[in-house]
Amino acid sequence: MTDIAAAEPFSVEELRVYLAGERVWVMVQEDAIVGYALVDIVDGLAHLEQLSVDPRHGRRGYGAALLAHVREWARDHPLAAVTLTTFEHVPWNAPYYARHGFRVLDDHELGPELRQLRASEARQGLDPALRVCMRSEVFGAE
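The residue count restarts for each chain, going from 1 along the sequence in the order it is written. Local features in this predicted model are restricted to residues whose pLDDT is 70 or higher, and side-chain atom pairs enter the listing and the counts only when it is 80 or higher, whereas totals over whole chains, interfaces and linings include all residues. Excluded from the side-chain calculation are hydrogens and water; included are all heavy atoms of the structure.

Asker: Please give an account of the sheet that holds strand β5 (residues 103-104) that cites residues and values.
Answerer: Whenever strands of a sheet pair, they do so through backbone hydrogen bonds, lying parallel or antiparallel. Two strands form a pair only when DSSP identifies at least two bridges running between them. A run of H or I in DSSP counts as a helix once it spans at least four residues, and a run of E counts as a strand once it spans at least two, with each numbered from the N terminus. Strand order in the open sheet formed by six strands is β1-β2-β3-β4-β6-β5, and the pairing between neighbours is mixed. The open sheet has two free edges, formed respectively by β1 (24-29) and β5, since each of these has just one partner strand. Looking at chain direction, β1 and strand β2 (residues 32-42) are connected through six bridges and run antiparallel. Across the sheet, residue M27 finds its bridge partner in β2, namely G35. Here a residue-residue contact requires only that any non-hydrogen atoms of the pair lie within 4.5 Å. Fitting a line to C-alpha atoms yields each axis, with helices limited to the stretch in contact; the angle taken between N-to-C directions then spans 0 to 180 degrees. Where helix α3 (residues 62-76) meets the sheet, its contacts fall on β1, β2, β3 (45-53), β4 (81-87) and β6 (131-137), and the angle it forms with β3 comes to roughly 160 degrees. Contacts between helix α5 (residues 112-123) and the sheet are confined to β2, β3, β4 and β6, with β6 contributing the most and set at about 145 degrees to the helix.

Asker: Please give an account of the pattern of salt bridges that cites residues and values.
Answerer: Within this document, salt bridges are pairs made up of a side-chain nitrogen of Lys or Arg and a carboxyl oxygen of Asp or Glu, the two lying within 4 Å of each other. Applying the stated criterion across every chain, the model contains seven salt bridges. Of the charged contacts in the structure, one is a salt bridge between D54 and R56, with a shortest N-O distance of 2.5 Å. The class for R56 is exposed, based on a relative accessible area of 65%. A salt bridge links R75 to D76, with the nearest nitrogen and oxygen atoms 3.1 Å apart. Three exposure classes are used, based on accessible area relative to the maximum for each residue type with a 1.4 Å probe and protein chains only: buried under 20%, partly exposed in between, and exposed over 50%. Residue classification places R75 among the partly exposed positions, given a relative accessible area of 33%.

Asker: Just give me the short version of a nonpolar patch on the surface, but keep the residues and values in it.
Answerer: Taken together, the side chains of V26, V28 and I33 make up a nonpolar region of the molecular surface, amounting to roughly 270 Å² of accessible area. As for its position among the elements, V26 is in strand β1. Only residues whose relative accessible area exceeds 30% and that take part in no salt bridge are eligible for patches, with like-charged residues grouped when within 9 Å of each other and nonpolar side chains (Val, Leu, Ile, Met, Phe, Trp, Tyr) grouped when within 5 Å. In short, Shrake-Rupley with a 1.4 Å probe defines the accessible areas, and a residue's cover is counted only from the protein chains shown.

Asker: Summarise the side chain of T83; cite the residues concerned and give the values.
Answerer: Position of T83 among the secondary structure elements: in strand β4. A residue is classified by how much of its surface remains accessible, and T83, at 3% relative accessible area, is buried. Contact partners of T83, with chain neighbours within four places excluded, come to L45, A46, H47, L48, M134 and R135.

Asker: Tell me about the nonpolar core, residues and numbers included.
Answerer: As used here, the term nonpolar core means buried Ala, Val, Leu, Ile, Met, Phe, Trp, Tyr and Cys residues forming a set that is joined through side-chain atoms within 4.5 Å. Counting 24 residues, the largest nonpolar core has L48, L51, V82 and Y97 as its most contacted members. With six residues, the single largest contributor to this core is α3. The contacts of L51, once residues within four sequence positions are left out, are Y36, A37, G63, L66, L67, Y96 and Y97. Listed in part, the five residues of the second largest apolar core include V42, L110, L114 and C133.

Here it is, written out as C-alpha cells:
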C-alpha cells in the first residue's frame, strides 16, 4: 500500500474546513499528536472521511477512542449512523471496523452521495473491487 501512503495529505485549507465545521478531532499524548479523525456529512449521515493513528502509537486504543468520539458526535447532532469507505481485506481497515460495530453495506443500501464518493475514489485510482462501504448505527440519535 505504498501508493496510498505516498498520497498527498489533506491541505491546510481542506483541514480548515473541517475545523470550521467542528468535524475534526486530534488525539494528543504527552504533547505528541497520536491520531485524528475527520468527518463529513454524506447522505445525511456522519461519514468518517479519515481515521489515522500514528503506527508508533498503535494498539493502545486510540483509534477506538476516536471512533467512540465520532459516534458520540453523530448522536449529539443527531445523525442515525456513521458510514465509511475502506479496504476490505487490510486487517487495520474493514476487519478493524467490523470489530467496532460496522457492517459492510450492499450496493442497494448506498445513498447517492456515497455512490458518488466511491466513484470519486475510483477516479483517484482506488480499485472499487478492493473497497467496501460500511455503516454503524448510532443509538440514541433523535
